Amino acid sequence: MSDLTNAPMLQRIRGHLADLPGDIGCRHLARERDGVAAALLVDLHLVKPIMSRVPTCTAHGCPRCGACPWEADFLPDASGAKAGVKYWRTPEGEAVATGITAPIVEAIENLALAKAILTALEGDPSSLFALQWGLVEEARSAVRAGRNTERVAPDRPVLLGVVRMLADLGVIALQENGTVSKL
């Protein structure tokens, strides 16, 4: 893989991981402040979701306190699904936050979704929508056949995050009109 030091997506990921308020991240903060899909951070093994005793936003000093529409979801008496929304950095995430790129390069090389995107782009260029639909159809077929899909039927933010990362690496091209092609 090529050098990721100045790749825009890596800069956003590194910046997000380096600036977690109280060392706790949140998918809402990742998306809205830093333009990063939290599910991508999980898939790259850079963060570990908090599944129980999810802290309130004020407890870890979130900069969006008072302005975030999801803040009430994390109050102690709030009902609903808050497990997995907030997270801690893993040791790999700590390394990336300090500027070390090796953990993220290795994670991308082993990411099932990246492999699936490259395989899907073996033929002609594709739109992001057609690419996602093809991956969803492949995953449905695999599930019907009783095989594990390894998360290759992504939602759009995760797909776009991996596509941008692969484009940053010079492996694929992403045009402004949403067309994706393998280089």
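Every value quoted in this text rests on a predicted model; they were computed, and no experiment measured them.

Caption draft 1: Up close: the pattern of salt bridges. For the structure on display, the rule yields eight salt bridges. Here Arg-89 makes a salt bridge to Asp-23, at a shortest N to O gap of 2.6 Å. One end of the pair, Arg-89, is in strand 3 (residues 86-89); the other, Asp-23, is in the loop between helix 1 (8-18) and strand 1 (25-26), with 66 residues separating them in the sequence. Beyond isolated ion pairs, a larger network of salt bridges with shared partners links Asp-19, Arg-33 and Asp-34.

Caption draft 2: Fine view of the sheet that holds strand 3. With antiparallel pairing, three strands are arranged side by side in an open sheet as 1-3-2. Two strands lie at the open edges of the sheet, namely strand 1 and strand 2 (47-49), each paired on one side alone. Pairing of strand 1 with strand 3, which is carried by two bridges, proceeds in the antiparallel orientation. Residue pairing for strand 3: Gly-25 is matched across the bridge by Tyr-87.

Caption draft 3: How the structure looks around the packing of aromatic side chains. Enumeration over the complete set of coordinates arrives at zero aromatic pairs. The lysine or arginine in question, Arg-31, covers the ring of Trp-70, its NZ or CZ lying 5.4 Å from the ring centre.

Caption draft 4: Structural view of the packing of helix 6 (residues 112-120) against helix 8 (residues 156-168). Packing of helix 6 against helix 8 brings their axes to within 10 Å, and their N-to-C directions diverge by 75°. Judged by the inter-axis angle, helix 6 sits roughly perpendicular to helix 8. Between helix 6 and helix 8, the residues in contact are Leu-113, Ala-114, Ile-117 and Leu-118 and Val-158, Leu-159, Val-162, Val-163 and Leu-166, respectively. When its residues are assigned to classes, the contact of helix 6 with helix 8 shows nine nonpolar, no polar and no charged.

Caption draft 5: A look at helix 5 (residues 102-109). Three or more residues of helix 5 are buried, namely Pro-103, Ile-104, Val-105, Ala-107 and Ile-108. On its buried face, helix 5 sits against helix 1, helix 4 (91-97), helix 6 and helix 8.

Caption draft 6: Helix 6, seen in detail. Taken residue by residue, helix 6 has Leu-113, Ala-114, Ala-116 and Ile-117 as its buried positions. Seen along its axis, helix 6 keeps its buried residues to an arc of 160°; they face one direction.

Rules of the game
- Residues numbered from 1 in each chain as written.
- Predicted model: local features only at pLDDT ≥ 70, side-chain atom pairs only at ≥ 80, totals over all residues.
- Heavy atoms only, no water.
- Salt bridge = Lys/Arg side-chain N within 4 Å of Asp/Glu carboxyl O.
- Helix = DSSP H or I, 4+ residues; strand = E, 2+ residues; numbered from the N terminus.
- Pairing = 2+ DSSP bridges.
- Phe/Tyr/Trp six-rings, centres within 6.5 Å; stacked < 30°, edge-to-face > 60°.
- Lys NZ or Arg CZ within 6 Å of the ring centre and 35° of its normal.
- Axes fitted to C-alpha atoms, helices over the stretch in contact; angles between N-to-C directions.
- Parallel < 35°, antiparallel > 145°, perpendicular 65-115°, else oblique.
- Contact = heavy atoms within 4.5 Å.
- Nonpolar A, V, L, I, M, F, W, Y, C, P; charged D, E, K, R; others polar.
- Buried < 20%, exposed > 50% of the residue type's maximum accessible area, 1.4 Å probe, protein only.
- Arc of directions from axis to C-beta.

Treat this as a map of the structure, not an account of what it does.
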